[in-house]
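# Chains, contacts and geometry: an overview
Okay, here's what each chain looks like letter by letter:
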Amino acid sequence: MAQRGHCESEQSDNKGNFLKILEMIAKHNPVVAKKIKAKGNAKYTSNTIQNEILQCLASMVQDFIVKEVKESEVFSIIADETKDLQKKEQLSLVLRYYYNGAVHESFLEFQNAQNLDAKGLSDMIIKCLESYGLQYKSNLVGQGYDGASARIILSRKAESRAAQLGNILDLTVFLELFRLCKIAPALPVSSAACERSFSALKLIKTHLRTTMLDNRLSHLGLLSIESRRARALNMDDFIKVFASKHKNRRIALF
């Protein structure tokens, strides 16, 4: 469903679904009614503010996912691409890891893939992992690419033979078995998580919303796919994070 209208001025008869729904809620909620009647930019209903709110919520969900991945130490990357309605190649990135007694396959983001060769895709994935502070050279234990036309291999810095022998001599058999037990659940067995993300992509980027920007698509996709984490967010923490990123705006949110 398209949210924004072509003309959202006070005199417009068709402000779009978002503002019309907000006006309906305001009839039953005095707090919302007070905010939408505010002067100037104190309403926080513009498309710019809406995109910033989505970005803030998505970044909080991503922080939770990255935190779990770092605590689990080892992880795998699952990637697949598909075309959206604008014929753009959207790369879906999913992280698989073992955390708190269960295996997780968490969606990270959509990225617009400009180059579909092995080097272009691998550089994009490496840049994404590095942007979240994930040590792929030491902690990445598996890679999964379904039907990829180009073979992607994220290179890892190899240890010397002497260093490997030293590690074997230093570690006991039980520690090695423990590490193998941690690695085994993190190995990718399918790309079903990426396929599920494509289903969400088709629901979000419809024929009525083909002009959606890639960042907005990625943020909406993350909040939709990881809806359980999104619903668990603390709104007080969100307001603090949002306010900290917009210190020049001195108008209280509520």
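For the structure, check the block above.
Computed from a prediction, not measured in an experiment: that's the story for all the values here.

Turning to the environment of Tyr98, a few remarks are in order. With respect to the helices and strands, the residue Tyr98 is situated in strand S2 (residues 89-99). The class for Tyr98 is partly exposed, based on a relative accessible area of 38%. When near neighbours in sequence (up to four residues on either side) are disregarded, Tyr98 contacts Ser72, Val103 and Pro185.

Our next topic: the packing of aromatic side chains. The description of an aromatic ring pair rests on the distance of the ring centres and on the angle between the ring planes. The final tally for this structure, using the stated rule, is two aromatic pairs. Here the aromatic rings of Phe238 and Phe242 are separated by 5.9 Å at their centres, their planes lie at 35°, and the arrangement is tilted. Of this pair, Phe238 and Phe242 both sit in helix H11 (residues 235-244), four residues apart, roughly one helical turn. A single burial state applies to Phe238 and to Phe242, both of which are buried.

Now for the side chain of Asp80. With respect to the secondary-structure elements, Asp80 resides in strand S1 (residues 75-83). Lacking a salt bridge, the buried Asp80 has Lys202 as its closest oppositely charged neighbour, with an N-O distance of 11 Å. In this structure, Asp80 is in contact with Gln90, Leu91, Ser92, Asp146, Cys194, Glu195 and Phe198, ignoring residues within four places of it in sequence.

Cut-offs applied
- Residues numbered from 1 in each chain as written.
- Predicted model: local features only at pLDDT ≥ 70, side-chain atom pairs only at ≥ 80, totals over all residues.
- Heavy atoms only, no water.
- Helix = DSSP H or I, 4+ residues; strand = E, 2+ residues; numbered from the N terminus.
- Buried < 20%, exposed > 50% of the residue type's maximum accessible area, 1.4 Å probe, protein only.
- Contact = heavy atoms within 4.5 Å.
- Phe/Tyr/Trp six-rings, centres within 6.5 Å; stacked < 30°, edge-to-face > 60°.
- Lys, Arg positive; Asp, Glu negative; His and termini not counted.
- Salt bridge = Lys/Arg side-chain N within 4 Å of Asp/Glu carboxyl O.

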